[in-house]
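# Observations on the model geometry
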Amino acid sequence: MAKSSTPKPVEELTYEAAFAELQDIVTTLEGEPASLDQAMSLFERGQALARRCAQLLDEAELKVKRLAGGELVDLDED
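First, a word on scope: everything that follows refers to the structure included in this document. Starting afresh in each chain, residues are numbered from 1 along the sequence in its written order. Given that this is a predicted model, residues contribute local features only at a pLDDT of at least 70 and side-chain atom pairs are listed and counted only at 80 or more, while totals for whole chains, interfaces and linings are drawn from all residues. Working from all heavy atoms in the structure, the side-chain values ignore hydrogens and water.

## Examining helix α1 (residues 15-31)
An α-helix turns once per 3.6 residues; consequently, residues spaced three or four apart project the same way. The terminal C-alpha atoms of α1, which comprises 17 residues, lie 24 Å apart, in line with the 24 Å expected from a rise of 1.5 Å per residue. Residue exposure (1.4 Å probe, protein chains only): buried if accessible area is under 20% of the type maximum, exposed if over 50%, otherwise partly exposed. By definition, any uninterrupted DSSP run of H or I lasting at least four residues is a helix, any uninterrupted run of E lasting at least two residues is a strand, and each is numbered from the N terminus. Among the residues of α1, Ala18, Glu21, Leu22, Ile25 and Thr28 are the ones counted as buried. Along the long axis of α1, the arc covered by the buried residues comes to 125 degrees, so they all point the same way. Summarising the geometry of α1, the exposed residues directed more than 90 degrees from the buried face are Glu16, Thr27, Glu30 and Gly31. The span you would expect from a helix comes to 1.5 Å times its residue count less one. Directions drawn from the helix axis to the C-beta atoms are what define this arc.

Encoded structure:
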């Protein structure tokens with residue numbers, strides 16, 4: 001997880017920072033034995049990080065739609 005003792009507030013993280021921290025939390029929960037309290041704390045932080053990533057992706061999609069005039073072109077070539 002984050003190297004500092006007090007992690008940055010989730011609302012201030014970029015997508016890349018939030019996603020990297022979320023990956024660290026998943027790795028920690030999958031690999032290292034932790035107390036129930038620590039595991040719950042990590043899980044709660046992970047949920048907040050996942051929501052932040054989803055929010056930032058939604059905002060990016062909305063911005064792209066606005067720039068494209070409200071219509072996104074499907075790039076799948078089937």
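Structure shown, so let's carry the discussion forward.
## Re the packing of aromatic side chains
Ring pairs are drawn from Phe, Tyr and Trp, using the six-membered ring of Trp, whenever the two centres fall within 6.5 Å, and their geometry is named by plane angle: stacked under 30 degrees, edge-to-face over 60, tilted for the rest. The full count for this structure, using the stated rule, is one aromatic pair. With a centroid separation of 5.8 Å and 15 degrees between ring planes, the pair formed by Tyr15 and Phe19 is classed as stacked. Note that Tyr15 and Phe19 are positioned in helix α1 at a spacing of four residues, about one turn of the helix.

## What about the side chain of Arg45?
On the secondary structure map, Arg45 appears in helix α2 (residues 36-67). A polar contact is formed between the side chain of Arg45 and the backbone oxygen of Lys8, at a distance of 2.8 Å. Any two residues whose heavy atoms approach within 4.5 Å at even a single point are treated as in contact. Setting aside residues up to four positions removed in sequence, Arg45 forms contacts with Pro7, Lys8, Val10, Leu13, Glu21 and Ile25. N or O atoms within 3.5 Å of each other form a polar contact, as long as, within protein, one can give a hydrogen and the other can take it, and as long as residues adjacent in sequence are counted only when both atoms are side-chain atoms.

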